[in-house]
Amino acid sequence: MAPPMSADAFLDTLRSTGVRVVEVGDWREHNRNHKGPWGPVHGVMIHHTVTHGAEHTVRLCRDGRPGLPGPLCHGIVTKDGTVHLVGYGRANHAGLGDDDVLRAVIAEKALPPDNEANTDGNRHFYGFECENLGDGADPWPQAQLDAIEKVAAAVCRRHGWSERSVIGHAEWQPGKADPRGFTMAWLRARVRDRLK
């Protein structure tokens, strides 16, 4: 079990990767902590946004949408590989997911099928939304894929986690498809190589 790192440590961890990091407004204090605790944290969850355009994507992920207030993640990785920090603390990104998956992430074992939605994931995962339409056709530029890999690996390194602590939203919550356009096995292999 790991307490979340401080916002300053999170910023330093991401910047240490060499990716461009943009701080958006009061991101350090922008959270949903009044809805419940954040932590202990156990992993990094990757999403796609089903949006197009960096400015619109960042605004949506920061502010939320009707019925789902922001922040919708901690950071957004836009097509150019920039990471935009929009929140820190509890964020509306993971939702309810499978407790068996959480146990596998904690044990760093292969993930079982996600067939339940009985556990609060917003409490336990860092969340990165990645700008993409999620239709399987919208491209993932190399700069964006590199940034996703780097930030996921950096958070894992900071906490002493392996690549098995990086999961996709589709692996956590039944009915979700994200991220679509690359496989999490492929991303975990890249994170594993980076952690060597």
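Note that the coordinates shown come from a computational prediction; the quantities given were computed from them, not determined experimentally. (Residues numbered from 1 in each chain as written. Predicted model: local features only at pLDDT ≥ 70, side-chain atom pairs only at ≥ 80, totals over all residues. Heavy atoms only, no water.)

Once that is clear, we can look at the overall build of the protein. Per the secondary structure count, the protein includes 6 helices and 10 strands. Radius of gyration (C-alpha) of the protein: 15 Å, near the 16 Å computed for a compact globule of 196 residues. Each principal axis of the C-alpha distribution contributes one length, and for the protein these read about 35 × 35 × 35 Å. Expressed as a percentage of the 196 residues in the protein, the buried residues total 57%. Within the protein, contacts between residues separated by at least 24 positions form 72% of all contacts whose residues are at least 6 apart in sequence. Only carbon and sulfur atoms are counted for the fraction: they give 50% of the accessible area of the protein, which is about 8,400 Å². Separation of charge centres in the protein, based on 24 positive and 25 negative side chains, amounts to 2 Å. (Helix = DSSP H or I, 4+ residues; strand = E, 2+ residues; numbered from the N terminus. Rg over C-alpha atoms; globule rule 2.2 N^0.38 Å. Buried < 20%, exposed > 50% of the residue type's maximum accessible area, 1.4 Å probe, protein only. Contact = heavy atoms within 4.5 Å. Areas by Shrake-Rupley, 256 points an atom, 1.4 Å probe, with all protein chains shown as cover. Lys, Arg positive; Asp, Glu negative; His and termini not counted. Charge placed at Lys NZ, Arg CZ, Asp CG, Glu CD.)

Inspection of the entire model under this criterion finds 10 aromatic pairs. Connected via pairs of aromatic rings, a cluster forms that spans Phe10, Trp27, Trp38, Tyr88, Tyr126, Phe128 and Trp161. (Phe/Tyr/Trp six-rings, centres within 6.5 Å; stacked < 30°, edge-to-face > 60°.)

Here the focus is the sheet that holds strand β2 (residues 43-48). Taken in spatial order, the 6 strands of this open sheet run β1-β6-β5-β9-β2-β10, and their pairing is mixed. Both edges of this open sheet fall to β1 (21-23) and β10 (166-168), since each of them pairs with a single strand only. Neighbour-to-neighbour, the strand axes of this sheet turn through a mean angle of 25°, independent of strand direction. Pairing geometry for β2 and β10, over 3 bridges, is parallel. Within the sheet, the bridge partner assigned to Ile46 lies in β10 and is Gly168. (Pairing = 2+ DSSP bridges. Axes fitted to C-alpha atoms, helices over the stretch in contact; angles between N-to-C directions.)

Okay, the layout of surface pockets next. Computed from the structure, the largest pocket encloses a volume of approximately 380 Å³. Residue lining of the largest pocket: 20 residues in total, with Arg65, Leu68, Glu129, His169 and Lys176 positioned closest to the centre. Secondary-structure elements contributing two or more residues to the lining of the largest pocket are β2 and α2 (54-63). Grouping the amino acids of the lining of the largest pocket by side-chain chemistry returns 7 nonpolar, 9 polar and 4 charged. (1 Å grid on protein atoms, 1.4 Å probe; cavity = no way out; pocket = protein on both sides within 12 Å on 5 of 7 lines; lining within 4 Å. Points joined across faces, edges and corners; volume = space filled by probe spheres on them. Nonpolar A, V, L, I, M, F, W, Y, C, P; charged D, E, K, R; others polar.)

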